[in-house]
Amino acid sequence: MNKEIAECAGLWLAEGDNKTRSEITFTNNCFDLVLFFHKTMKNIFGDIKPRIYAYSKRNKQVMDLDNIRFRYYTDKRANRTYYIYRIASVSLVKKWKRIVESMFKNERMYQHFLRGFFAGEGNIKTGSHCNRTIRIAQKQQIKIIDMILNYFEIKYTFSKRGRSYVIVNRTNWDRLAKIKIADLHPDKKKKFWKVYSDFKEYHYSHNFIKDNIMNYLNRPKNVRELSVIFGRTLARIQDILIPMKKRGKVINFRVRNVDYWIKTSSNLVVISSVKKRYLDILNKPMTTKQLSDVMNVCWKSSNNRMNELRKLGLVEKDCYLWMKVPINKEVFVI
């Protein structure tokens, strides 16, 4: 029950009246959340006798639930029906507040508490230029919300004019997605994951990839692997590597029609497993015909492979005989 209690504590602090001493009150326009709050209260306190007040433009009626007394009112300002859930009991209010305070002290409950608070006061804003903003409405900053956001390393600002916490940036969205901040409220959950799925790439600072790509090139990497690491297109990674190659910082080796890139200072030669087999059998000088017989391929194929190895400085040819060349570089087989 701790998870559900923490979520309801967040709901109550966001949408409830936490000042009164005579009743536990929770307000929301999502009846599923009202039902969730009621079931949790019932599991905690047992036999309770709450009331639900429903406000709508047309005095909309809903089915009675669990012997709860419903009262219906008209509110012409209500775009959606909203509900006020009340449990009148001084003793239960005291117990409930003690439970909520215990949630504040338990870091394991932070994500559940924040999920409940967001279900009550959170919203997702989108706009032009791929603007994606998460807001948590509040008249002023709340210490517990500050603590939780800092705990999850979520960077935020508080807008006094907008009366809300403002959270942007892909990294923050990732962290909030990890704790499923919007999953308690069905409508907000749907919108959150739709907006989150529209993110195409991380926004790095200027020259971030150029400054960090060398850290990944101590061992051979192809462009596709680097594009996954940095979340960029193949063309974008190539646009970075080619100028670096011209400056002599990186070098590429072509293996099975795929370019593998490493730092020039890595002192590696990258070859395929087929070329490695040629080197293994070349324990003594051999002709192209002898190599092709051992490899069971045509003469032309063996000649092409040996010429490729010669370009890499691994073999040389003298009087029709191929022989290995001692090198000080490590041969890396892919």
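Above: the structure in question.
Right, let's walk through the structure included here. As the structure is a prediction and not an experimental result, all values here were calculated from the model.

This brings us to the overall build of the protein. In terms of helices and strands, the protein carries 13 helices and 15 strands. On C-alpha atoms alone, the protein measures out to a radius of gyration of 33 Å, which is more than a quarter above the 20 Å that the 2.2 N^0.38 rule sets for 334 residues. Projecting the C-alpha coordinates of the protein onto the three principal axes gives extents of approximately 105 × 40 × 40 Å. Counting across all 334 residues of the protein, residues that qualify as buried make up 41%. If you take every contact in the protein between residues at least 6 apart in sequence, the share linking residues at least 24 apart comes to 59%. Total accessible area on the protein stands at roughly 19900 Å², and carbon and sulfur atoms take up 48% of it. Separation between the mean location of the 67 positive side-chain charges and that of the 30 negative ones in the protein comes to 3 Å.

This part takes up the pairing of strand S6 (residues 131–137). Across a regular strand the side chains alternate sides, sitting on one face of the sheet and then on the other. Here strand S5 (residues 122–127) pairs with S6 via six bridges, running antiparallel. Within S6, the position partnered with Lys 125 by the bridge is Thr 133. Here S6 runs beside strand S8 (residues 164–167); their pairing, made up of four bridges, is antiparallel. Counterpart to Arg 135 in the pairing with S8 is Val 166.

In this section: the sheet that holds strand S7 (residues 157–159). Reading across from one edge, S5-S6-S8-S7 is the order of the four strands in this open sheet, with antiparallel pairing throughout. Each edge of the sheet is formed by a strand with only one pairing partner; in this case those strands are S5 and S7. The sheet shows a mean angle of 30° between the axes of neighbouring strands, direction not considered. The sheet strands contacting helix H6 (residues 170–178) are S5, S6 and S8, and the helix crosses S6 at an angle near 55°. In this fold helix H7 (residues 186–197) packs onto S5 and S6, with an angle of close to 40° to the strand it touches most, S5.

Within the sequence span of helix H12 (residues 288–295), burial applies to Thr 288, Leu 291, Ser 292 and Met 295. The buried side chains of H12 occupy one side of the element, clustering within an arc of 100° when seen end-on. Of the residues flanking the end of H12, it is Asn 296, one or two places downstream, whose phi is positive at about 60°.

Turning our eyes to something else, we now look at the environment of Asp 187. One can find Asp 187 in helix H7. Taking relative accessible area as the criterion, Asp 187 reaches 46% and is therefore assigned partly exposed. In sequence terms Asp 187 and His 112 are 75 residues apart; their C-alpha atoms lie 18 Å from each other.

In this model, helix H13 (residues 299–311) (13 residues) spans 19 Å end to end at C-alpha, consistent with the 18 Å of a helix rising 1.5 Å per residue. Of the residues making up H13, those classed as buried are Ser 302, Asn 303, Met 306 and Leu 309. Projected down its long axis, H13 shows its buried positions confined to an angular sector of 125°, all on one face. Residues of H13 that are exposed and point over 90 degrees away from its buried face: Lys 300 and Lys 311. Lining the buried residues of H13 we find strand S12 (268–271), helix H11 (273–281), H12, strand S13 (315–318) and strand S14 (321–324).

Residues Ile 327, Val 331 and Val 333 make up a contiguous nonpolar surface patch of about 180 Å² in total accessible area. Counting through the fold element by element, Ile 327 comes out in the loop between S14 and strand S15 (330–333). What makes Ile 327 partly exposed here is its relative accessible area of 31%.

Here the focus is the pairing of S8. Because side chains alternate across S8, one face comprises the buried residues Ser 164 and Val 166, and the other comprises Tyr 165 and Ile 167, equally buried. Hairpin connection, S7 to S8: the antiparallel pair is bridged by four residues, and Arg 163 has positive phi, about 50°.

Taken as a whole and assessed by the stated rule, the structure comprises 21 aromatic pairs. Relative to Trp 96, the ring of Phe 37 has its centre 6.3 Å away and its plane inclined at 80°; by these criteria the two rings are edge-to-face. Note that Phe 37 is positioned in helix H2 (residues 31–45) and Trp 96 in helix H3 (residues 90–104), a separation of 59 residues in sequence. We note that Phe 37, like Trp 96, is buried. Look at Tyr 53 and Tyr 73: their rings are 6.2 Å apart centre to centre, the planes differ by 25°, and that puts the pair in the stacked class. In this pair, Tyr 53 sits in strand S2 (residues 51–56) while Tyr 73 sits in strand S3 (residues 69–74), placing the two residues 20 residues apart along the sequence. Taken together, the ring pairs in this structure connect Trp 12, Phe 26, Phe 37, Tyr 85 and Trp 96 into an aromatic cluster. Lying over the aromatic face of Phe 118, Lys 188 brings its terminal NZ or CZ to 5.9 Å of the ring centre.

Quick notes on the rules
Residues numbered from 1 in each chain as written. Predicted model: local features only at pLDDT ≥ 70, side-chain atom pairs only at ≥ 80, totals over all residues. Heavy atoms only, no water. Helix = DSSP H or I, 4+ residues; strand = E, 2+ residues; numbered from the N terminus. Rg over C-alpha atoms; globule rule 2.2 N^0.38 Å. Buried < 20%, exposed > 50% of the residue type's maximum accessible area, 1.4 Å probe, protein only. Contact = heavy atoms within 4.5 Å. Areas by Shrake-Rupley, 256 points an atom, 1.4 Å probe, with all protein chains shown as cover. Lys, Arg positive; Asp, Glu negative; His and termini not counted. Charge placed at Lys NZ, Arg CZ, Asp CG, Glu CD. Pairing = 2+ DSSP bridges. Axes fitted to C-alpha atoms, helices over the stretch in contact; angles between N-to-C directions. Arc of directions from axis to C-beta. Expected span 1.5 Å × (residues − 1). Patch = residues over 30% accessible without salt bridge, like charges linked within 9 Å, V, L, I, M, F, W, Y side chains within 5 Å. Salt bridge = Lys/Arg side-chain N within 4 Å of Asp/Glu carboxyl O. Phe/Tyr/Trp six-rings, centres within 6.5 Å; stacked < 30°, edge-to-face > 60°. Lys NZ or Arg CZ within 6 Å of the ring centre and 35° of its normal.

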